[in-house]
Amino acid sequence: MTMELPAIAQIVAALVAAMLISFIATPVVKSLAEKVGAVDVPKDNRRMHKHPIPRMGGLAIFLGFLLSTLVFVPLSTSLRGMLVGGVIIVILGIIDDIHALPAMPKFIVQIVAALIAVLHGNVIEVLSNPNIFSDNPYWVLGPWAIPISVIWIVAITNAVNLIDGLDGLAVGVATISSLTMLVIAMLVSDNLVALMMAALAGSCIGFLPYNHNPAKIFMGDTGSTFLGFVLATVSIQGLFKFYTIISFAVPFLMLGLPLFDTCFAILRRISKGQNPMSPDRSHVHHRLIDMGFNQKQAVAILYVISAILGLSAVVLTTSGALKAMVLLCALCLAGLIAARISMSHAEHHEKPEEKKEAADHVAESHDHLRDPSGGGEDGSSGEGAGEQTGD
């Protein structure tokens with residue numbers, strides 16, 4: 001299936017409009033952040049930046065997405081629910097960027113926002129069966145549909161938030177993920193999802209010039225949680241409704257980098273007998289920095305990984321189920337081998353004094369499910385490497 005030229009033109013217009021709005025709004029939001037005190041001050045030696053940098057830049061991303069969506073996308077019940085939930089997430093992020101909030105209230109508000117979106121029709125009702133040899137091609141979730149949908153939205157919201165550890169990383173990965181879903185939506189002629197993803201990609205692209213290293217402004221929780229929320233919600237509308245292997249594999253490939261990093265962070269802590277929500281400095285971007293890459297190189301590497309996963313997701317939309325499963329297994333195996341090699345390399349070359357220094361740099365400002373002081377990518381409690389000084 002192919003889209004007609006007027007539909008493609010509308011998609012391009014939505015992307016350009018969101019990009020311009022976000023680009024123009026960012027300096028205004030920067031000034032506003034400085035006035036309300038949403039500024040990350042490097043008050044200790046754990047922060048990479050040497051001067052105060054405003055956060056809350058995600059508000060510009062939100063404005064670009066919101067205005068473009070309202071202009072180009074018909075206001076359906078599901079879209080209304082997503083926008084209401086998104087507004088709640090943004091308000092929560094703004095408050096957290098100004099005043100660091102405890103983890104539990106933020107988690108509860110995220111659940112409420114996700115529940116609003118789900119009850120307005122953004123619900124995963126059917127999952128394709130990953131066992132291609134089964135007689136049952138898909139699973140009907142029934143009463144589990146709502147809780148699984150809420151879990152998916154909250155999980156992706158926090159996963160995107162977790163990777164926001166270097167200048168431009170989270171917004172770049174979100175751009176790649178949204179463009180991936182945009183291409184898939186165009187391939188299957190899903191105009192509404194394509195328009196929403198064009199608006200999200202455009203708003204991210206408009207913000208990126210201010211956020212790449214060295215960052216002039218951080219997007220804060222306002223941006224990272226909003227991006228995760230929208231990607232998760234729209235993926236339900238545009239990917240999970242296919243009764244094929246696509247609906248099982250594509251969302252996990254498209255969001256593979258944040259999901260991989262979050263899952264391994266939890267498993268790593270559990271294997272060490274630690275609280276799964278306790279802070280450490282072993283996320284994938286930390287490991288790249290520890291291996292000797294600078295911030296720009298580390299971000300470029302993670303962009304490439306995210307783009308490869310996105311390309312794989314696009315390829316799966318035109319492949320058969322068996323081919324899709326073989327490719328997915330091969331990618332998982334390659335990822336596990338690469339992860340093991342990188343972790344072994346980092347641990348082998350880390351000297352005792354470097355381990356002590358790394359311990360001094362620990363601060364998981366983006367792990368909201370366990371950081372009681374909050375802070376976000378550049379929050380008042382955030383430390384480490386890059387844009388937010390660590391996660």
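Residues numbered from 1 in each chain as written. Predicted model: local features only at pLDDT ≥ 70, side-chain atom pairs only at ≥ 80, totals over all residues. Heavy atoms only, no water.

1. Topic: the overall build of the protein
Argument step 1. Across its full length, the protein carries 14 helices and four strands.
Argument step 2. Sorting the 391 residues of the protein into buried and exposed places 54% on the buried side.
Argument step 3. Across the protein, the fraction of contacts at a sequence separation of at least 24, relative to all contacts at a separation of at least 6, is 74%.
Argument step 4. When the accessible surface of the protein is totalled, it reaches about 16,200 Å², and 72% of it is carbon and sulfur. (Helix = DSSP H or I, 4+ residues; strand = E, 2+ residues; numbered from the N terminus. Buried < 20%, exposed > 50% of the residue type's maximum accessible area, 1.4 Å probe, protein only. Contact = heavy atoms within 4.5 Å. Areas by Shrake-Rupley, 256 points an atom, 1.4 Å probe, with all protein chains shown as cover.)

2. A few points about the confidence of the model for the protein
Argument step 1. Overall, the predicted model of the protein reaches an average pLDDT of 77, with 70% of residues at or above 70.
Argument step 2. Looking at the elements of the protein, mean pLDDT is at its lowest for helix α14 (residues 352-360), recorded as 43, and at its highest for helix α2 (residues 58-72), recorded as 96.
Argument step 3. Predicted confidence for residues 44-48 stays below pLDDT 50, and this span has 22 contacts to residues more than four positions away or in other chains.
Argument step 4. Counting interchain partners and residues more than four positions distant, the pLDDT-below-50 stretch residues 348-387 has 153 contacts. (pLDDT = per-residue confidence, 0-100.)

3. Here's the deal with the side chain of threonine 233
Argument step 1. Relative to the helices and strands, threonine 233 is located in helix α8 (residues 220-238).
Argument step 2. Given a relative accessible area of 0%, threonine 233 falls into the buried group.
Argument step 3. Each residue touching threonine 233, except ones within four places of it in the same chain, is listed here: Met82, Ala117, Asn122 and Ile153.

4. Thoughts on empty space enclosed by the protein
Argument step 1. In total, this model carries two cavities of 30 Å³ or more according to the counting rule given.
Argument step 2. Looking at the second largest cavity, its volume works out to about 30 Å³.
Argument step 3. Taken together, Val160, Ala170, Val173, Ala174, Ser177, Leu231, Leu255 and Pro258 make up the lining of the second largest cavity.
Argument step 4. Considering each element in turn, the lining of the second largest cavity owes the most residues, four residues, to helix α6 (residues 169-187).
Argument step 5. Each residue belonging to the lining of the second largest cavity can be placed in one class, and the counts come to seven nonpolar, one polar and no charged. (1 Å grid on protein atoms, 1.4 Å probe; cavity = no way out; pocket = protein on both sides within 12 Å on 5 of 7 lines; lining within 4 Å. Points joined across faces, edges and corners; volume = space filled by probe spheres on them. Nonpolar A, V, L, I, M, F, W, Y, C, P; charged D, E, K, R; others polar.)

5. Points about unusual backbone geometry
Argument step 1. Geometrically, the link from asparagine 213 to proline 214 is a cis peptide bond, its omega value of -5° lying close to zero.
Argument step 2. Mapped onto the secondary structure, proline 214 falls in the loop between α7 (191-211) and α8.
Argument step 3. The backbone of methionine 56 sits at a positive phi, close to 75°, despite the residue not being glycine.
Argument step 4. Residue position: methionine 56 is located in the loop between β2 (53-54) and α2.
Argument step 5. The backbone phi angle of serine 189 is positive, close to 60°, even though this residue is not glycine.
Argument step 6. The topology assignment puts serine 189 in the loop between α6 and α7.
Argument step 7. Of the residues examined, serine 189 reaches a relative accessible area of 33% and is grouped as partly exposed.

6. Structural notes on the packing of aromatic side chains
Argument step 1. Summed over the entire model, instances satisfying the criterion amount to three aromatic pairs.
Argument step 2. Both rings, one in phenylalanine 23 and one in tyrosine 210, keep their centres 5.2 Å apart while their planes meet at 40°; by these two values the pair is tilted. Taken together, the positions of phenylalanine 23 in helix α1 (residues 5-36) and tyrosine 210 in helix α7 put the pair 187 residues apart, joining distant regions of the chain.
Argument step 3. Tyrosine 210 gets classed as buried once you look at its relative accessible area, which sits at 15%.
Argument step 4. Centroid distance phenylalanine 62 to phenylalanine 226: 5.3 Å. Interplanar angle 90°. Geometry classified as edge-to-face. Pair noted here: phenylalanine 62 is in helix α2 and phenylalanine 226 is in helix α8, with a separation of 164 residues, a long-range link. Exposure class is identical for phenylalanine 62 and phenylalanine 226. Each is buried.
Argument step 5. An aromatic cluster of at least three residues, connected via ring pairs, comprises Phe62, Phe65 and Phe226. (Phe/Tyr/Trp six-rings, centres within 6.5 Å; stacked < 30°, edge-to-face > 60°.)

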